[in-house]
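As a plain string of letters, each chain reads:
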Amino acid sequence: MITQLKVVSSRRYFRKFWLNIHLYLAFSVGFFFALLGVTGSLNVFFLELDVLLNPAVHIEQGEKTYRPMDEIMASVRAEHPHRDGLWMMFMPRPGQPTLRAIYPKPEETADKYYGPLMVDVDPYTAEVISSRFWGDTLMTQIYELHTSLLLGVLSNADIGRLGFKIVGFLGLLLFISLGTGIYLWWPQRGKLRKALTIKRGASAARLNYDVHRSLGIYSSIVLLVLAFTGFSFPYRDWVQPVVVKLSPVNAPPFKNPPELKSIPLPGIKAITLDQAVAVADQVFPNAELRWIATPNGPDGYYAVEKRQQGELNIRRPRSKVWVDQYSGKILKMETPENFTAGDIFLNLMFILHNGEALGLPGRILVCLTGLILPTLYVTGLLHWLRKRRTRNGHLVLG
C-alpha cells in the first residue's frame, strides 16, 4: 500500500513538473511558435504565392523550347552589366514559370545577412521581365519573418545571423514543448480511445480541451520533425558532428568542396554555359536540368545540378557536376546513389522541413500542420484561462 502511494505521488510530481514546463514554454514563446507555424505554412508555397502576388513574373508555360542558356545569361548581364562573378540560375518549374537568376551578393545589400538580387527571365524569349531585391516583396518578408524574425532584412549581417540562431533555438524549444505535451497526453491503460477522440455534445470547455489534446497528438510526429529540422539549419555545426559519429558525411548539402578550382590555360577562353551543361549531360544523360552556377572569378567553376528520376530533392537536386571553366574537365561529381547514411540524413533536413520529400502531398501536409500551431496556442491559452477562473483551481469538463 505504501509502495502504491509512493508511485502515485511520484507520478503526480512528474506530471506537475512537466505541466509547468509546458505552461512556461507556452506563455514565454508560444506566440512565436504560432507565428512560425503560420509563416512556415505560407513558405511551403513561397514560389506559387510570389507569382500570384506579383503578376509581372507570370508567364504562360507551354510546349515551346527554351532559349539557349548563354542567350539568357547575356540578357541578364546586359540588364545588370556591373554585376560580375557568381550568378545562380534556377530553371522554371511548376509554381515558378520564369527562369530565376540570383545574384547573391549585390552591393546594395552588402550589409545584410541575406539580400540577393532576383532577376526573372522569360525562358522562351530570354527577356528580363523583373529585377527585385530580397526583402522588398511581401513573400520574401514572410520568408524572413520565418527564418530570422525579419532581423535578416531589417538590420546588419550580425543581427540577421543572430535572428537565424534565435529561430533555430525556438525549434528546439518547440521540440521540448511537444515532448511535454505528449507526456501529459499519455493515457492510462484502457483509456487510449478516449484520449484520441473529441467528446460529442460536450461543453465548450471540454470541446476546447479535446481539440487541443487531439490536434496536438495527431500532429505531433510531423511537428517534431519540423521542430528538429528547423533547429538543424542554424545549428548544423552541432548536428553534423553527432551524425559523423554514426556515419561518414562526404557530401554536405549545398556545399561546394573548398579545394575545387579552375586552372587558367594560356590563350584559352572560358567555355560557355551551354557547353558546361553539355558536360553534365554526359554524366547524367537522362536527368532534368534544375540549377546552374556561373564561375565566381578567374579560378571559379561551373556547377550544374540535375534531377534524376526518383530523386527526392526537386528545386535543388543532389546530382551535381563541377566543371573547370577553361578545359571543360569534370572537377567533381556527386550522386545520391553514392551517399552515406549520414549524407542522406543531412540531405533530408530541408526537404522534410518544406514537405518536398513527399511531393505535393507532403507539402500540403506540412502547410496544414503549420496552421495547427496557432490553434494549439489559442486553445491552450483558453484552457488555462478557464482553469484560472474556477474557484478551486480545477476545470470541470462536461
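Below, the structure is looked at part by part. (Residues numbered from 1 in each chain as written. Predicted model: local features only at pLDDT ≥ 70, side-chain atom pairs only at ≥ 80, totals over all residues. Heavy atoms only, no water.)

1. Comments concerning the overall build of the protein
Next, step 1: Counting its regular elements, the protein contains 13 helices and eight strands.
Next, step 2: Sorting the 398 residues of the protein into buried and exposed places 46% on the buried side.
Next, step 3: Nonlocal contacts in the protein, meaning residues at least 24 apart in sequence, comprise 63% of its contacts between residues at least 6 apart.
Next, step 4: Per element, the accessible surface of the protein, about 21,600 Å² overall, is 62% carbon and sulfur.
Next, step 5: Put simply, the protein has 44 plus and 31 minus side-chain charges, and the middle of one group is 22 Å from the middle of the other. (Helix = DSSP H or I, 4+ residues; strand = E, 2+ residues; numbered from the N terminus. Buried < 20%, exposed > 50% of the residue type's maximum accessible area, 1.4 Å probe, protein only. Contact = heavy atoms within 4.5 Å. Areas by Shrake-Rupley, 256 points an atom, 1.4 Å probe, with all protein chains shown as cover. Lys, Arg positive; Asp, Glu negative; His and termini not counted. Charge placed at Lys NZ, Arg CZ, Asp CG, Glu CD.)

2. Let's talk about the sheet that holds strand E8 (residues 330-334)
Next, step 1: The eight strands are arranged E4-E3-E2-E1-E5-E6-E7-E8 in an open sheet whose pairing can be described as antiparallel. Of all the strands in the sheet, the pair left with one neighbour each is strand E4 (127-133) and E8. Across the sheet, the mean angle from the axis of one strand to that of its neighbour is 20°, orientation sign disregarded.
Next, step 2: With five bridges connecting them, strand E2 (residues 99-103) and strand E3 (residues 117-122) associate as antiparallel partners. When the sheet's bridge partners are listed, tyrosine 103 is paired in E3 with leucine 117. (Pairing = 2+ DSSP bridges. Axes fitted to C-alpha atoms, helices over the stretch in contact; angles between N-to-C directions.)

3. Quick look at the packing of helix H4 (residues 138-148) against helix H6 (residues 157-185)
Next, step 1: Interhelical geometry of H4 versus H6 gives an angle of 65° and a closest axis separation of 6 Å. Looking at the two axes, H4 sits roughly perpendicular to H6. Where H4 approaches H6, its residues His146, Thr147 and Ser148 are matched on the opposing element by Gly160, Gly163, Phe164 and Val167.
Next, step 2: Of the residues in the contact of H4 with H6, the class split is two nonpolar, five polar and no charged. (Parallel < 35°, antiparallel > 145°, perpendicular 65-115°, else oblique. Nonpolar A, V, L, I, M, F, W, Y, C, P; charged D, E, K, R; others polar.)

4. Points about the packing of helix H9 (residues 220-232) against helix H12 (residues 341-353)
Next, step 1: Closest axis-to-axis distance for the H9/H12 pair is 9 Å, and the angle between their directions is 115°. Of the two elements, H9 crosses H12, and the hand of that crossing is left-handed. Contacts between H9 and H12 involve Val225, Leu226, Phe228, Thr229, Gly230 and Ser232 on the former and, on the latter, Phe345, Met349, Leu352 and His353.
Next, step 2: Each residue belonging to the contact of H9 with H12 can be placed in one class, and the counts come to six nonpolar, four polar and no charged. (Left-handed = near helix turned anticlockwise from the far one by under 90°.)

5. Re the packing of aromatic side chains
Next, step 1: All chains considered together, the criterion is met by 21 aromatic pairs.
Next, step 2: Where tryptophan 87 meets tyrosine 103, the ring centres are 4.9 Å apart and the plane angle is 45°; that geometry is what we call tilted. You can see tryptophan 87 sitting in the loop between helix H3 (69-79) and strand E1 (88-90) and its partner tyrosine 103 sitting in strand E2, a full 16 residues away along the chain.
Next, step 3: Its relative accessible area of 0% is what places tryptophan 87 among the buried residues.
Next, step 4: Between the aromatic rings of phenylalanine 228 and phenylalanine 345, the centroid separation amounts to 6.4 Å while the plane-to-plane angle is 55°, which identifies the pairing as tilted. With a gap of 117 residues between them, phenylalanine 228 in helix H9 and phenylalanine 345 in helix H12 connect regions that are remote in the sequence.
Next, step 5: The class for phenylalanine 228 is partly exposed, based on a relative accessible area of 29%.
Next, step 6: Among the aromatic residues, those joined into a ring-pair cluster are Phe228, Phe231, Tyr235, Trp238 and Phe345. (Phe/Tyr/Trp six-rings, centres within 6.5 Å; stacked < 30°, edge-to-face > 60°.)

Everything listed is a geometric property; what it means functionally is a separate question.
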